[in-house]
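Below are the chains, spelled out letter by letter.
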Amino acid sequence: MESGEDCVLRSRSRDTPKMPSFFDLDSSLDGGSSPGTPPQSNGDNHITSNGKIEVEHVISKKLQLKRKAEYLKSDLLRQFDSQVNDFMDSLIEESASLEAAPVSAVFSPPLSEKERSKLRYFRPPHGQGKQFVSRRSLLDELFEVNHIRTIYHMFIALLIIFILSTLVVDFIDEGRLVLDFDLLVYAFGQLPLVVCTWICMFLSVLLVPYTLFYLWSQSQSGSYGHTRLYSLLLGSVFLFYQALGLGFLPTYVVVTNSLPPASCFIIILEQVRLMMKAHSFVRENVPKVLTWAKDKASPGPVVPQVSHYLYFLFAPTLIYRDKYPRNPVIRWSYVATKFLQVLGSLFYAYYVFVRLCIPQFHSISLQLFDLRAMVLCVFNSILPGVLVLFLGFFAFLHCWLNAFAEMLRFADRMFYKDWWNSTSFANYYRTWNVVVHDWLYYYVYRDFLWMSQKRFRAAAMFFVFTVSAVVHEYILAVCFGFFYPVLFCLFMCFGMMFNFILHDQRKGPIWNIIMWTSLFLGQGVIICLYSQEWYAQRYCPLKESNFLEMLKPRSWSCQRGLMGNSERL
């Protein structure tokens, strides 16, 4: 019986036209004589009696040879093109057949039952949800390319220029080098209170959700009566804890103690992160217990170990799994490098604000709305806004998360994708922050579709945008100390509009340019408007302390001349 490869090769050989051999060419050039037969002489013999070859005969021979060579060349190219096309078609078909198969089944020998059970830990329950696989962060791979690493070196050179310019200006103004970093000292003030607040939040998240879930899982075993009453009671306690213990109390600490911006961001961002992790832990484990209560396949309900939950609270993901793919070793040099890069990004942001933001807004004349001044402010704020965007992405999504992933041997490092290549805002929203996007997709978008029986996809998308916009605006309002819904309007108006206009069907470089232009303008608007409101809040106190005056942006009505230099901020 013939093999499949022999059949394919034989069919391809039948389809390939026969090419003349070099011997056929030689014989045709010699007048078509058979091999081994000397050429016949006739009346048109081109060889003279003295044995000299005529010039005309040589030229005709060369022309014939050239035509035959050109024919052979074109025929060879056609055959090569046909073979390559056939090979690529078969390769595509084979790769398509491999996509449905697990990677381990294709590139590895058959797994034992023990290895399969380990692999099941990394798969989502019931065949749904996020799959965690071992992979590196994209920038770690790109920085191995010299051309990409040169861009990183250019940003370092720009930081050096910022440092030198600041030192030179301070030396000219003060007659000495000023290295007090007063802006950083102010922004990270009251750190002991921040640490104590974080410890309280973390311990409460470690104890309360796990204890409530354990009690609820035991109530589903049937030994307790009134199962639904227990579920309602414990669920209400969990929601009350999320709203009061994690929602209200940390915010109350921040507001009553008037914490500076960076300290506020630490507490509020950790508050949001821990609330999302607690929700994920309950959301992922409740279906397991309900399935067990229905099937009773084991003596008791499946309750995660405390060590698994503790690992999840530190792991750089918001999707709970009992186990994740792990690396075999910890590269402490890699951890140290990432933390140094976080520190460098922090000082980079400091110099961006000192050299580009504070001089512009500290001396600005706060008057009633002026269109020309506003336009100039937006365009002057684009550069610091873009730099802050890049620094926030690099410091947190790349360096900070990779450092913790390395210390925990967490192997799935896809915290972001190539968002800079996006040709649509829909793709940008999916790839900018994969960690938060996964949580919104699985626990907001898909759960909304599940509750609506997949009938309101547009409403589900709108709900996701609303939740994201409200949380972002809540973080900025608490940390800055004023309500100015610039980011909320950008999310709900332009963000929603661009999500449908610049959708995934938009391809080509022009759409990437449009995406970057919109992103630059948005960063300029955010930096300009929030900076103006920040200074207006400090230099234009409220005339009437009522709720409406607190909600009204003070930069719209604040009139003040040039500000003095008595304060740094």
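Because the structure is a prediction, the values reported are computed rather than measured. (Residues numbered from 1 in each chain as written. Predicted model: local features only at pLDDT ≥ 70, side-chain atom pairs only at ≥ 80, totals over all residues. Heavy atoms only, no water.)

Asks: Before we go on, may I ask you to explain the environment of F213 in this structure?
Replies: With respect to the helices and strands, F213 occurs in helix 9 (residues 191–219). Between the alpha carbons of F213 and N285 there is a distance of 8.6 Å; along the sequence they are 72 residues apart. (Helix = DSSP H or I, 4+ residues; strand = E, 2+ residues; numbered from the N terminus.)

Asks: Is there a simple way to explain the state of the cysteines in this structure?
Replies: According to the stated counting rule, one finds 1 disulfide in the structure shown. Across a sulfur-sulfur distance of 2.1 Å, C377 and C528 are joined as a disulfide pair. Here the disulfide of C377 and C528 is right-handed, its torsion about the S-S bond being about 125°. Of this pair, C377 sits in helix 14 (residues 371–380) while C528 sits in helix 20 (residues 509–539); the two residues are 151 residues apart in sequence, bridging distant segments of the chain. Here C377 matches C528 in class, with each residue buried. Not engaged in a disulfide, the cysteine C493 finds its nearest cysteine sulfur in C489; these two sulfurs lie 5.4 Å apart. Overall, the relative accessible area of 47% leaves C493 in the partly exposed class. (Disulfide = S-S within 2.5 Å. Buried < 20%, exposed > 50% of the residue type's maximum accessible area, 1.4 Å probe, protein only.)

Asks: Looking at this structure, how should I read empty space enclosed by the protein?
Replies: Sizing a probe to match a water molecule and rolling it over the atoms shows the empty space that remains. Within this structure, the stated rule accounts for 1 cavity of 30 Å³ or more. Empty space within the largest cavity amounts to approximately 80 Å³. Around the largest cavity, the lining comprises 13 residues; the ones closest to its centre are K130, P316, T317, M414 and V435. Its residues placed into classes, the lining of the largest cavity shows 9 nonpolar, 1 polar and 3 charged. (1 Å grid on protein atoms, 1.4 Å probe; cavity = no way out; pocket = protein on both sides within 12 Å on 5 of 7 lines; lining within 4 Å. Points joined across faces, edges and corners; volume = space filled by probe spheres on them. Nonpolar A, V, L, I, M, F, W, Y, C, P; charged D, E, K, R; others polar.)

Asks: Can you walk me through unusual backbone geometry in this structure?
Replies: It is generally the case that most residues other than glycine have a negative phi and that most peptide bonds are trans. In the Ramachandran plot, Q190 falls in the positive-phi region, its phi being about 55° despite a non-glycine side chain. Along the chain, the position of Q190 falls in the loop between helix 8 (182–187) and helix 9. Of note, the phi angle at S258 is positive, near 50°, even though the residue is not glycine. Mapped onto the secondary structure, S258 falls in the loop between helix 10 (227–256) and helix 11 (261–295). The class for S258 is exposed, based on a relative accessible area of 57%.

Asks: So what exactly am I meant to see when it comes to the pattern of salt bridges here?
Replies: Close approach of charged atoms allows side chains with opposite charge to pair. Scanning the model with the defined rule gives 10 salt bridges in all. The residue R273 makes a salt bridge to E270 at a minimum N-O spacing of 2.8 Å. A residue pair is termed a helical-turn pair when its members lie 3 or 4 positions apart in one helix, as R273 and E270 do in helix 11 at 3 residues. Across the salt bridge formed by E406 and R331, the nearest N and O atoms sit 3.1 Å from each other. Placement of E406 in helix 15 (residues 382–407) and of R331 in the loop between helix 12 (306–314) and helix 13 (332–362) is noted, with a sequence separation of 75 residues between them. Shared partners join several salt bridges into a network, and the residues in it are R331, E406 and R413. (Salt bridge = Lys/Arg side-chain N within 4 Å of Asp/Glu carboxyl O.)

Asks: How should I be thinking about helix 15 in this particular structure?
Replies: Owing to its 3.6 residues per turn, the α-helix aligns residues three or four sequence positions apart on the same side. With 26 residues, helix 15 should cover 38 Å at 1.5 Å per step; its first-to-last C-alpha distance of 36 Å lies within 8% of that length. R409 lies just past helix 15 and shows a positive phi near 60°. (Expected span 1.5 Å × (residues − 1).)

Asks: Which parts of the structure should I look at to understand helix 19 (residues 486–501)?
Replies: Along its 16 residues, helix 19 runs 21 Å from first to last C-alpha, staying within 8% of the 22 Å computed at 1.5 Å per residue. The complete set of buried residues in helix 19 reads V486, L487, F491, M492, G495, M496 and N499. Buried positions along helix 19 lie against helix 16 (425–431), helix 18 (457–480) and helix 20. (Contact = heavy atoms within 4.5 Å.)

Asks: Just to check I follow, could you spell out the side chain of D140 for this structure?
Replies: Its place among the elements puts D140 in helix 6 (residues 138–142). Within the local environment of D140, its side chain forms a polar contact with the side chain of Y334, the two groups lying 2.5 Å apart. Those residues in contact with D140 that lie beyond four places of it in its chain are Y334, K338, H398 and N402. (Polar contact = N/O pair within 3.5 Å; in protein donor to acceptor, adjacent residues only side chain to side chain.)

Asks: Looking at this structure, how should I read the nonpolar core?
Replies: In globular proteins that are soluble, nonpolar side chains generally tend to be buried together. If you look at the biggest cluster of nonpolar residues, it comprises 69 residues, and the most contacted ones within it are F281, Y309 and F410. Of all the elements, helix 11 adds the most residues to this core, at 10 residues. Those residues in contact with F281, other than ones at most four positions away along the chain, are P209, Y210, F213, P304, Y309, F312 and Y320. The next biggest cluster of nonpolar side chains, apart from the first, holds 35 residues, and it includes F162, V352, I358 and L391. (Core = buried A, V, L, I, M, F, W, Y, C linked by side-chain atoms within 4.5 Å.)

Asks: Even after reading the chapter, I still don't get the confidence of the model for the chain, so can you show me in this structure?
Replies: In regions of low pLDDT, the predicted coordinates are not meant to be interpreted in detail. Taken as a whole, the chain shows an average pLDDT of 78; of its residues, 75% reach a score of 70 or greater. Confidence drops under a pLDDT of 50 for residues 1–50, and excluding neighbours within four residues, the segment shows 32 contacts in the predicted structure. Low pLDDT, under 50, characterises residues 561–568; the predicted model gives this stretch 21 contacts beyond four residues in sequence or across chains. (pLDDT = per-residue confidence, 0-100.)

Asks: Please clarify how the packing of helix 18 against helix 20 should be interpreted in this entry.
Replies: Packed helix pairs are specified by the crossing angle of their axes together with the interaxial distance, meaning the distance between the axes. Running from amino to carboxyl end, helix 18 crosses helix 20 at an angle of 35°, the nearest separation of the two axes being 12 Å. In the crossing of helix 18 with helix 20, the sense of the turn from one axis to the other is right-handed. Facing helix 18, whose interface residues are E473, L476 and F480, helix 20 presents Y530, W534 and R538. Its residues placed into classes, the contact of helix 18 with helix 20 shows 4 nonpolar, no polar and 2 charged. (Axes fitted to C-alpha atoms, helices over the stretch in contact; angles between N-to-C directions. Left-handed = near helix turned anticlockwise from the far one by under 90°.)

Asks: Honestly, the environment of F238 in this entry has me stumped. Any pointers?
Replies: Considering the arrangement of structural elements, one finds F238 in helix 10. Separated by 26 residues in the primary sequence, F238 and L212 have C-alpha atoms spaced 7.1 Å apart. Non-local contacts of F238, meaning those with residues more than four positions away in its chain, are made with P209, L212, A278, H279 and V282.

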